[in-house]
Amino acid sequence: MSEPSSRDASVDDLPELGTGIDHYPSPASVTPVDEHLMRLALDQALNAHLAGEVPVGAVIVQHTADGPQVLATGYNRPITTHDPTAHAELVALRHAAALVENYRLPDCELYVTLEPCPMCAMALLHARFKRVVFGARDPKTGAAGSVVDLFGLNQLNHHTAIVGGVLEEPCARVLRDFFAERRAQQKAERLARASEGTSGLTHAPILGHPAASPVTVDYGGHPPGPPDTTRENDALTFTLPEVIEDPSLPLAPITQLAPLEPLPVPDVAEATLTQLGGLSAFAGLDALGPDKNRGPGGRG
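Since the model is a prediction, treat every value here as computed from it, not as a measurement.

### Focus on the nonpolar core
Thought 1: In terms of nonpolar packing, the biggest core is built from 51 residues, with Met38, Ile60, Leu93, Leu110, Phe129 and Phe151 touching the most fellow members.
Thought 2: Among the elements that line this core, the one with the most residues is helix 5 (residues 168-195), at six residues.
Thought 3: Apart from residues lying up to four places away in sequence, Leu110 is in contact with Ala58, Val59, Ile60, Glu89, Leu124, Phe129, Arg131, Val132 and Val133.

### Side note on the side chain of Asp34
Thought 1: Considering the arrangement of structural elements, one finds Asp34 in helix 1 (residues 32-50).
Thought 2: Within the structure, Asp34 has its side chain in polar contact with the side chain of Arg131 (distance 3.1 Å).

### Considerations on the pattern of salt bridges
Thought 1: If you walk through the whole model with that rule in mind, you get six salt bridges.
Thought 2: Notably, a salt bridge pairs Asp83 with Arg94, separated by 3.6 Å at the nearest N-O pair. Here Asp83 is found in the loop between helix 2 (78-81) and helix 3 (88-100), whereas its partner Arg94 is found in helix 3, with 11 residues between them in sequence.
Thought 3: Of the residues examined, Arg94 reaches a relative accessible area of 42% and is grouped as partly exposed.
Thought 4: Among the ionic pairs, Glu109 bridges to Arg131, the shortest N-O distance being 3.1 Å. Of this pair, Glu109 sits in strand 4 (residues 108-114) while Arg131 sits in strand 5 (residues 131-136); the two residues are 22 residues apart in sequence, bridging distant segments of the chain. In this structure, Glu109 and Arg131 share a single accessibility class: buried.
Thought 5: One network of salt bridges, in which partners are shared, links Asp34, Glu109 and Arg131.

### Examining the confidence of the model for the protein
Thought 1: In the predicted model, the protein carries a mean pLDDT of 73, and the fraction of residues at 70 or more is 56%.
Thought 2: Across residues 227-234, where pLDDT falls below 50, the model places 12 contacts with residues more than four positions away in sequence or in other chains.
Thought 3: Throughout residues 268-300 the model reports pLDDT below 50, and contacts reaching past four residues in sequence, or to other chains, amount to 49 contacts.

### Observations regarding the pairing of strand 2 (residues 57-64)
Thought 1: Pairing geometry for strand 2 and strand 3 (residues 67-75), over eight bridges, is antiparallel. Looking at strand 3, one finds that Val59 is bridged to Thr73.
Thought 2: Counted between consecutive antiparallel strands, the loop separating strand 2 from strand 3 contains two residues.
Thought 3: Across five bridges, strand 2 lies against strand 4 in antiparallel orientation. Bridging from a neighbouring strand, Gln62 pairs with Cys108 of strand 4.

### A look at the environment of Gly164
Thought 1: Its location among the elements puts Gly164 in strand 6 (residues 161-164).
Thought 2: Separated by 50 residues in the primary sequence, Gly164 and Leu114 place their C-alpha atoms 9.1 Å from one another.

### A few points about the side chain of Gln44
Thought 1: Within the element layout of this structure, Gln44 appears in helix 1.
Thought 2: When residues no more than four places from it in sequence are discounted, the contact partners of Gln44 are Val56, Gly57, Ala58, Thr73, Gly74 and Tyr75.

### Some details on helix 3
Thought 1: The end-to-end C-alpha distance of helix 3 is 19 Å, a good match for the 18 Å that 13 residues give at a rise of 1.5 Å each.
Thought 2: Those residues of helix 3 lying buried are Ala88, Glu89, Leu90, Val91, Ala92, Leu93 and Ala96.
Thought 3: The inward-facing, buried residues of helix 3 abut strand 2, strand 3, strand 4 and helix 4 (118-126).
Thought 4: The first or second residue beyond helix 3 is Glu101, which carries a positive phi of 55°.

### Describing helix 1
Thought 1: Relative to the 27 Å expected for 19 residues at 1.5 Å per residue, helix 1 spans 27 Å between its end C-alpha atoms, a close match to the ideal helical length.
Thought 2: Restricting attention to buried positions, one finds in helix 1 the residues Asp34, Leu37, Met38, Ala41, Leu42, Gln44, Ala45 and Ala48. Down the axis of helix 1, the buried set is contained in an arc of 165°. They therefore lie on one face. Among the exposed residues of helix 1, those pointing more than 90 degrees away from its buried face are Pro32 and Leu50.
Thought 3: Looking at the buried side of helix 1, the elements it contacts are strand 2, strand 3, strand 4, strand 5 and helix 5.
Thought 4: Gly52 occupies a position one or two residues after helix 1 and carries a positive phi of about 80°.

What counts, and at which threshold
Position numbers for residues start from 1 in each chain and track the written sequence from start to end. Reporting of local features is limited, given that this is a predicted model, to residues whose pLDDT is at least 70; pairs of side-chain atoms are given and counted only at 80 or more, and all residues count toward the totals for whole chains, interfaces and linings. With hydrogens and water excluded, all non-hydrogen atoms of the structure serve as input to the side-chain values. To define a nonpolar core, start from buried Ala, Val, Leu, Ile, Met, Phe, Trp, Tyr and Cys residues and group those joined through side-chain atoms within 4.5 Å. Think of it in three bands: residues with accessible area under 20% of the maximum for their type are buried, residues over 50% are exposed, and the middle band is partly exposed, with areas taken using a 1.4 Å probe on protein chains only. Put simply, DSSP H or I for four residues or longer makes a helix, DSSP E for two residues or longer makes a strand, and each gets a number counted from the N terminus. In this description, contact between two residues means that some pair of their heavy atoms is separated by no more than 4.5 Å. Think of a polar contact as two N or O atoms within 3.5 Å of one another; within protein, one of them needs to be a possible hydrogen donor and the other a possible acceptor, and neighboring residues in sequence only count if both atoms come from side chains. Only one rule defines a salt bridge in this text: a Lys or Arg side-chain nitrogen within 4 Å of an Asp or Glu carboxyl oxygen. Every residue is assigned a pLDDT by the predictor, reflecting its confidence on a scale from 0 to 100. Here a strand pair is declared whenever DSSP counts at least two bridges between the two strands. A helix is expected to span 1.5 Å for every residue after the first. In this description, one arc is meant: the one made by directions from the helix axis to the C-beta atoms.

In structure tokens:
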């Protein structure tokens, strides 16, 4: 679900709404029960915020002989669950359908802090919801009149009543605060990288590895290897990282490794990597995959 980008549109700026949609409800059409249940949905939106998800929450209420009862709740979680359909409405809808053991919920109403998207709108229509109440409008993907009006299509065999704008400002503020916080965090991370003089990943030196002079190996007609190698007179030059001392390590002396020696290369025109035996200096070349410029000894 995307961030609502505007909250100050007038009634004349909105698209024409369909049958049964009360996008700007009158005070008489919004009851204290509606506001109370929308606050419960806001609580669910805060759960999404804590999980790092776009803060959208939903509550499903079932009408019984004893009055309305909360049947299920849900909050936005497509990122944490790796599920593009895990919007707040559908999370709550799945829970409610499982509890009543029925895919039809004609006696239920849904309260959600953000206008449903087309995916959620069609799911609610398929489930035969009696009424849907939402808070903030979504001018990017809203399917209850802001972008499209799926609930107002007369061709459909079921029509769900829609009420929008209930506690609109609190619902919109939760979204604005979330995206403002995320933008500030991203900006801080960019500034931190810039202050360190790097814009990408940094590779730490190897602890306790002995310093060594560059090791030069004749590559026997192969092209240059990985980006951290250089080609000098038909040879690959590998430079080992410098030794660093970590104060957190014990004071016991570190066993020094023997300096690396150049690997011998068979004196043949088309030497293959398997002829070198053991760990080849060309192991880095294998990881690069086929190369159309590779010489006759390569695998490309």
